[in-house]
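Understanding the architecture of this molecule
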Amino acid sequence: VLQCFDLFRIRLLHGWLVDPQLQETHDAVARFGFNQLMDALIIDATEPTENATTATRAHDSHPPLGPLQVELARSFIEDSPSQLTPHGLSRLRADVADGELAVFFRNNHFGTLRGGAHGEL
């Protein structure tokens with residue numbers, strides 16, 4: 001399916017972004033894809049503390065999450081259950097061109113997104 005979007009030059013977008021001004025949360029979350037972050041949090045919750053670092057490192061090339069980063073990542077997920085953040089919406093408005101057609105991915109659903117004048121979507 002994703003190859004069809006590429007073929008027709010239709011971008012696949014989402015709006016679940018961490019605001020870079022929230023430095024600690026951004027550092028904890030932005031380096032992971034959704035599945036990688038969920039795996040890291042699951043490993044943290046199910047493994048003894050000493051083994052969580054080893055398990056996370058073995059699963060992923062990213063450095064493991066520390067206790068503060070785990071809490072920040074969990075808070076980000078809990079605070080944005082709609083998978084759309086104010087920063088993500090702002091970026092969509094800025095990045096989608098007037099008249100551009102895109103596919104918007106949110107909460108495991110695809111939707112159509114069309115850019116309008118002055119950042120309207």
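Calculation criteria
- Residues numbered from 1 in each chain as written.
- Predicted model: local features only at pLDDT ≥ 70, side-chain atom pairs only at ≥ 80, totals over all residues.
- Heavy atoms only, no water.
- Helix = DSSP H or I, 4+ residues; strand = E, 2+ residues; numbered from the N terminus.
- Buried < 20%, exposed > 50% of the residue type's maximum accessible area, 1.4 Å probe, protein only.
- Contact = heavy atoms within 4.5 Å.
- Areas by Shrake-Rupley, 256 points an atom, 1.4 Å probe, with all protein chains shown as cover.
- Core = buried A, V, L, I, M, F, W, Y, C linked by side-chain atoms within 4.5 Å.
- Arc of directions from axis to C-beta.
- Polar contact = N/O pair within 3.5 Å; in protein donor to acceptor, adjacent residues only side chain to side chain.

1. Brief notes about the overall build of the protein chain
Check the secondary structure of the protein chain and you find 6 helices and 3 strands. Helices (α) and strands (β) of the protein chain occur, in sequence order from the N terminus, as α-β-α-α-α-α-α-β-β. Per-residue burial for the protein chain yields a buried fraction of 30% across its 121 residues. For the protein chain, the share of sequence-separated contacts (at least 6 apart) that also reach a separation of at least 24 residues comes to 62%. Total accessible area on the protein chain stands at roughly 8,100 Å², and carbon and sulfur atoms take up 54% of it.

2. A closer look at the nonpolar core
In terms of nonpolar packing, the biggest core is built from 13 residues, with V29, L37, L41, L65, A73 and F76 touching the most fellow members. Counting only elements with at least two residues in this core, the list comes to α2 (23-29), α3 (34-46) and α5 (67-79). Per-element accounting of this core gives the leading share, 4 residues, to α5. Every residue in contact with V29, bar those within four places of it in the chain, is listed here: V18, L37, A73 and F76.

3. What about the side chain of S80?
For S80, the location among the structural elements is in the loop between α5 and α6 (86-95). A relative accessible area of 5% means that S80 is categorised as buried.

4. Overview of α6
Restricting attention to buried positions, one finds in α6 the residues H87, G88 and L92. Take α6 and look down its axis: the buried residues cluster within an arc of 140 degrees, on one side only. Along α6, the residues that are exposed and aim more than 90 degrees away from the buried face are P86 and A94. At its buried positions, α6 is contacted by β1 (11-13), β2 (101-106) and β3 (109-114).

5. Re the environment of R11
Turning to its location among the elements, R11 is positioned in strand β1. According to the relative accessible area criterion, R11 is partly exposed, its value standing at 34%. As for R11 and L113, which are separated by 102 residues in sequence, their C-alpha atoms are 9.8 Å apart. If we skip the residues at most four places from it in the chain, R11 touches D95, V96, E100, L101, A102 and V103. At 2.9 Å, the side chain of R11 and the backbone oxygen of D95 are in polar contact. One polar contact links R11 to E100, side chain to side chain, over a distance of 2.8 Å.

6. Concerning unusual backbone geometry
When glycine is set aside, most residues are seen to have a negative phi, and most peptide bonds are trans. We note that N107 has phi near 50 degrees; this positive angle belongs to a residue other than glycine. Among the secondary structure elements, N107 is positioned in the loop between β2 and β3. We note that H118 has phi near 60 degrees; this positive angle belongs to a residue other than glycine. Among the secondary structure elements, H118 is positioned in the segment after β3. When its relative accessible area of 81% is taken as the criterion, H118 is described as exposed.

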